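# Breakdown of the fold
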Amino acid sequence: MSNVFALLFRREARLLCRRPAELANPLVFFAIVIALFPLAVGPESQLLQSISPGLVWVAALLAVLLSLDGLFRSDFEDGSLEQWVVSPHPLALLVLAKVLAHWVFSGLALVLLAPLLGLMLGLPASTLPVLLLSLLLGTPVLSLLGAVGAALTVGLKRGGLLLALLILPLYIPVLILGSGALQAALQGLPAAGHLLWLASLTALSVTLTPFAIAAGLTISVGE
Amino acid sequence: MSSPFLEAVSLSCERDWRLLFEKLDLSLLPGQMLQVAGPNGSGKTSLLRLLAGLMQPTAGEVRLSGRPLREQRAELARNLLWIGHAAGIKGLLTAEENLAWLCALHRPASREAIWQALAAVGLRGFEDVPCHTLSAGQQRRVALARLYLEAPPLWILDEPFTALDRHGVAQLEAHLSAHCTGGGMVVLTTHHSLTERPAGYHELDLGQRAA
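These lines cover the structure that appears in this document, whether it is placed above or below.

Conventions and cut-offs
- Residues numbered from 1 in each chain as written.
- Chains lettered and ligands numbered in written order.
- Predicted model: local features only at pLDDT ≥ 70, side-chain atom pairs only at ≥ 80, totals over all residues.
- Heavy atoms only, no water.
- Salt bridge = Lys/Arg side-chain N within 4 Å of Asp/Glu carboxyl O.
- Helix = DSSP H or I, 4+ residues; strand = E, 2+ residues; numbered from the N terminus.
- Buried < 20%, exposed > 50% of the residue type's maximum accessible area, 1.4 Å probe, protein only.
- Pairing = 2+ DSSP bridges.
- Contact = heavy atoms within 4.5 Å.

### Some details on the pattern of salt bridges
Going through the model one piece at a time under the given rule, you end up with 15 salt bridges over all chains. With a closest N to O distance of 2.9 Å, K90 of chain B and D78 of chain A form a salt bridge. Within this pair, whereas K90 of chain B is found in the loop between β6 (80–83) and α3 (95–106), its partner D78 of chain A is found in the loop between α4 (73–77) and α5 (80–86), the two belonging to separate chains. Take K90 of chain B: its relative accessible area is 6%, and that puts it in the buried class. A single salt-bridge network, built from bridges that share partners, covers R11, E12, D75, D78 and K98 of chain A together with K90 of chain B.

Right under this line is the structure:
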């Protein structure tokens with residue numbers, strides 16, 4: 001069973017590597033949105049620094065959302081999902097492997113890019129570990145929650161906007177905790193509380209959302 | 001007499017408020033082949049998806065070894081090979097990678113076995129070519145190569161002959177017939193009439209039922 005998990009992970013990784021443009025899109029989007037703000041708000045570093053926690057998180061959230069729209073679409077269209085549903089393996093396990101692979105290639109890359117962009121916004125170097133850690137804990141939640149929406153809207157021709165409407169409200173706790181952690185670090189306060197809450201959200205979504213995603217896909221395939 | 005392996009009892013299917021068929025009964029014993037015929041839109045694919053457990057019927061039920069399908073999910077998954085109209089072939093992966101994954105979902109196959117199966121469907125030399133560079137007929141052959149690997153007894157195939165050339169059709173017909181003769185079961189939809197029919201062949205015409 002864990003063998004299938006590893007095989008699916010490898011297969012997804014291979015597929016993502018053969019379509020590098022699709023991987024780069026969310027990253028470029030993330031970088032450009034953040035780069036636009038100093039241009040729009042002006043180079044006043046005090047102002048930029050104070051809005052940067054919210055800014056980084058909103059940009060990360062939109063970048064993840066952007067990458068999720070097509071998460072299951074090609075699998076749905078070429079019949080791969082049907083093969084998963086009729087296979088003897090639990091669908092929840094398969095989707096967890098799929099979302100995990102997707103996160104490693106898009107979410108994790110975003111996390112690694114964030115410190116550079118943080119410096120660009122004038123975040124002091126002392127807050128960068130908190131930025132990294134909060135994104136590291138928060139982006140899997142964004143991917144997993146978004147995958148629930150992607151599973152439900154996969155059968156629709158234009159599911160992109162509906163996906164955003166369904167999922168963005170669910171992102172609010174992650175947004176508050178993530179930017180809160182960064183805000184606390186910026187003011188020299190301990191961020192451990194926020195980060196622990198984020199970690200608990202991560203644990204919760206890793207254990208529960210695969211079942212919701214699997215249920216959503218079963219409905220979409222059965223339509 | 002023991003209950004048939006796969007059985008549909010007074011099955012009805014409705015899609016988008018349109019009744020495709022109702023009170024449909026069928027049964028399938030080892031060694032039998034069922035060809036589902038009928039005009040476009042008569043519910044052939046829907047019937048196959050119902051039998052494969054991908055869709056839920058509006059009324060009636062599908063039974064596997066005499067018990068309702070939803071209690072028998074694991075049993076069905078072990079015994080079923082489903083190739084839908086879209087066969088789950090990724091254009092970005094090579095023929096071998098595609099087959100290795102599709103087999104791993106059920107029972108893993110060795111590299112040699114996969115190469116043999118690809119050779120059996122006439123794709124020797126195409127093992128490591130990305131599938132999007134293959135023609136439609138060749139892609140269909142990649143999907144059908146699964147039938148030449150160690151396969152479960154029940155095959156449900158939606159339009160397996162699409163895009164195959166004449167030789168490919170004859171070869172597949174012979175292979176399906178041999179599978180039934182060996183005690184396997186095949187349910188398929190196709191518009192052309194099969195020339196090679198096993199002893200347990202019967203046909204269900206959804207168009208005639210509606211008329």
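### Examining the pairing of β6 of chain B
Residue and element names in this part refer to chain B. Here β6 shows a buried face lined by L80 and W82 and a second buried face lined by L81 and I83. Relative to strand β7 (residues 154–158), β6 runs parallel, the two sharing four bridges. Bridge pairing in β7 links W82 to I156.

### Digging into the environment of L76 of chain B
All names here are of chain B. Mapped onto the fold, L76 is located in helix α2 (residues 73–79). A relative accessible area of 3% means that L76 is categorised as buried. In this structure the C-alpha to C-alpha distance between L76 and T133, which are 57 residues apart in sequence, comes to 34 Å. Once you skip the residues sitting within four places of it in the chain, L76 turns out to touch L51, A52, G53, L64, L69 and L154.

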